[in-house]
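Coordinate inspection notes
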Amino acid sequence: MITSTTTDYNNFFKHSAHPANAEQYFRDLLDKRERRYEDLCRNIISDMNKYGLSVVDDFLGVETGLKILNEVRSMYNAGAFHDGQLVQNPTPDVPSSAVRGDKIRGDKIKWVGGNEPGCSNVWYLTNQIDSVVYRVNTMKDNGILGNYHIRERTRAMVACYPGSGTHYVMHVDNPKKDGRVITAIYYLNINWDARESGGILRIRPTPGTTVADIEPKFDRLIFFWSDIRNPHEVQPAHRTRYAITVWYFDAKEREEALNRAKLENSKTNNVAAQVQAQQAEPDSTTTPPPTTTTAAAATSPSSSLPASMSTGTGALNANVSSNSCAASSEICT
């Protein structure tokens, strides 16, 4: 049996929200976020001018950071990582004893473009970094950053140092002007204590003898110049250490690097063609060899890059043209 009762619903509307109040609230919220974003970018510009590096803590927040970490762990546990490429050009002033041993670098890596299954949160991270880099590169009075035109980047390199003292000796990311101007690294290591776990990123700005020791703390993002201004190393890590690195290209330097690569590739192919022609030309005392199709003859000289280059896709956010870019095979963290 249903009984009817009279209910006073006026109390139901005790939390009124007039359109003007709601509009003001969201305007204030957006203004607060914009001011925080503006302050963040200004701090990065100031740090890069003064120190050549910048550290941003609590970049995305715990919830988002954990989503990225879970994605990275899933990729690693699925066996998707492979050994990082060995450095071909460690810094020349590093003592020879520092590069002896079985490994110059001990990390495992995976390249991520963002559209692969199970990588949506890594994609979100790179887009957030893109937004910051684009902003600092286009703001007024942005100091040294104003000397560059950044419109492309590499794919994200997800790296794992699996503990047991794995490390990376002192090196420079871009010693040969391949176009990379900014290195951005995001860390995913919860409750990291360098006194026990090691794994410090040590940057030794040039010139000078001072060092910057940066712990790979969870939700920490760092930026530094990719060239010879910042030789750096990853000190031995004694527990699993995760990081995601993206490199940003200066358009002019990148174009010059690609033109040099094409020229070198063209010269290499011309030499190979001459050698092949000489081998195919019989002398007066030998019988001409049968005609064969070689792998070199089937290769298109204009479509391939030299062995020091490998292709990868990546671009900044919608504010920047979505162009493909090439990444050096010697990319390092």
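Everything below is about the structure shown above.
The paragraphs below set out a description of the structure included in this document. (Residues numbered from 1 in each chain as written. Predicted model: local features only at pLDDT ≥ 70, side-chain atom pairs only at ≥ 80, totals over all residues. Heavy atoms only, no water.)

So, the overall build of the chain
Test applied: Note on conventions: DSSP H or I runs of at least 4 residues are helices, E runs of at least 2 residues are strands, and numbering of each starts at the N terminus. Contact definition: two residues touch when any of their heavy atoms are within 4.5 Å. Using a 1.4 Å probe, the Shrake-Rupley method yields the accessible areas, and only the shown protein chains count as cover for residues.
Along the backbone of the chain there are six helices and 14 strands. In the chain, once contacts between residues fewer than 6 apart in sequence are set aside, the share between residues at least 24 apart is 83%. Of the roughly 19000 Å² of accessible surface on the chain, a fraction of 52% belongs to carbon and sulfur atoms.

Here's the deal with the pairing of strand S3 (residues 108–112)
Which entries qualify depends on this criterion: To sort residues, take the accessible area from a 1.4 Å probe on protein chains only and compare it with the maximum for the residue type: under 20% means buried, over 50% means exposed, and anything in between is partly exposed. Should DSSP find at least two bridges between two strands, the strands are regarded as paired.
Judged by how many residues are buried, S3 sits mostly within the fold: four of five residues are covered. Of the pairings in the sheet, the one linking S3 to strand S5 (residues 156–162) comprises five bridges and is antiparallel in character. Residue lysine 110 lies in a different strand from S5, and its bridge partner there is valine 158.

Considering the packing of aromatic side chains
Quick reminder of the rule: Any two of the Phe, Tyr and Trp rings considered here, Trp counted by its six-membered ring, make a pair once their centres fall within 6.5 Å; the pair's planes then place it as stacked at under 30 degrees, edge-to-face at over 60, or tilted in between. Both a distance and an angle decide whether a charge sits over a ring: NZ of Lys or CZ of Arg must be within 6 Å of the ring centre and within 35 degrees of the ring normal.
All told, the structure shown has five aromatic pairs when counted by the stated rule. Judged by centre distance (5.1 Å) and plane angle (85°), the rings of tyrosine 76 and phenylalanine 81 are edge-to-face. Centroid distance tyrosine 148 to tryptophan 225: 5.8 Å. Interplanar angle 45°. Geometry classified as tilted. Here tyrosine 148 is found in the loop between helix H3 (120–138) and strand S4 (150–153), whereas its partner tryptophan 225 is found in strand S10 (residues 221–225), with 77 residues between them in sequence. Put simply, the rings of Tyr76, Phe81 and Tyr242 touch in pairs and so form one group of aromatic residues. Directly above the ring of tryptophan 247 sits arginine 180, whose terminal nitrogen or CZ lies 5.4 Å from the centroid.

Remarks on the nonpolar core
Spelled out, the test is: By nonpolar core is meant a set of buried Ala, Val, Leu, Ile, Met, Phe, Trp, Tyr and Cys residues that side-chain atoms within 4.5 Å join together.
One finds Phe59, Ile68, Val72, Ile129, Phe223 and Ile244 to be the most contacted residues of the largest nonpolar core, which totals 41 residues. Among the elements of the structure, helix H1 (19–50), helix H2 (62–77), H3, S5, strand S7 (180–187), S10 and strand S12 (240–250) are those that each provide at least two residues to this core. At six residues, H3 tops the list of elements feeding residues into this core. Residues within four places of phenylalanine 223 in sequence aside, it is in contact with Ile44, Met48, Gly52, Leu53, Ser54, Val56, Ile129, Val132, Val133, Ile182, Thr183 and Ala184. Counting 16 residues, the second-largest nonpolar core is a separate cluster that includes Tyr168, Val169, Phe224 and Ala243.

So, the sheet that holds strand S11 (residues 232–237)
Keep this limit in mind: Inter-axis angles, ranging from 0 to 180 degrees, are taken between N-to-C directions of lines fitted to C-alpha atoms, where helices are fitted over the stretch in contact.
Pairing within the open sheet is antiparallel, and its four strands lie in the order S6-S11-S8-S9. Since the sheet does not close on itself, it has two edges, and those belong to strand S6 (166–171) and strand S9 (212–214), each with one partner. This sheet shows a mean twist of 20° between the axes of neighbouring strands, independent of strand direction.

Re the side chain of arginine 241
Put simply, the test is: When charges are counted, Lys and Arg contribute as positive and Asp and Glu as negative, whereas His and the chain ends are disregarded. Criterion for a salt bridge: a side-chain nitrogen of Lys or Arg within 4 Å of a carboxyl oxygen of Asp or Glu. In the analysis that follows, any N or O atom pair within 3.5 Å is treated as a polar contact, provided that within protein one partner can donate a hydrogen and the other can accept it, and provided that, for residues neighboring in sequence, both atoms belong to side chains.
Relative to the helices and strands, arginine 241 resides in strand S12. Buried and unpaired, arginine 241 has no salt bridge, with aspartate 107 as the nearest side chain of opposite charge at 7.5 Å. At 2.8 Å, the side chain of arginine 241 and the backbone oxygen of glycine 199 are in polar contact. Excluding anything up to four places from it in sequence, arginine 241 contacts Ala159, Cys160, Tyr161, Tyr187, Asn189, Trp192, Gly199, Leu201, Pro216 and Val234.

Considerations on unusual backbone geometry
The residue aspartate 58 is not glycine, and still its phi comes out positive at about 55°. Among the structural elements, aspartate 58 can be located in the loop between strand S1 (53–56) and H2.

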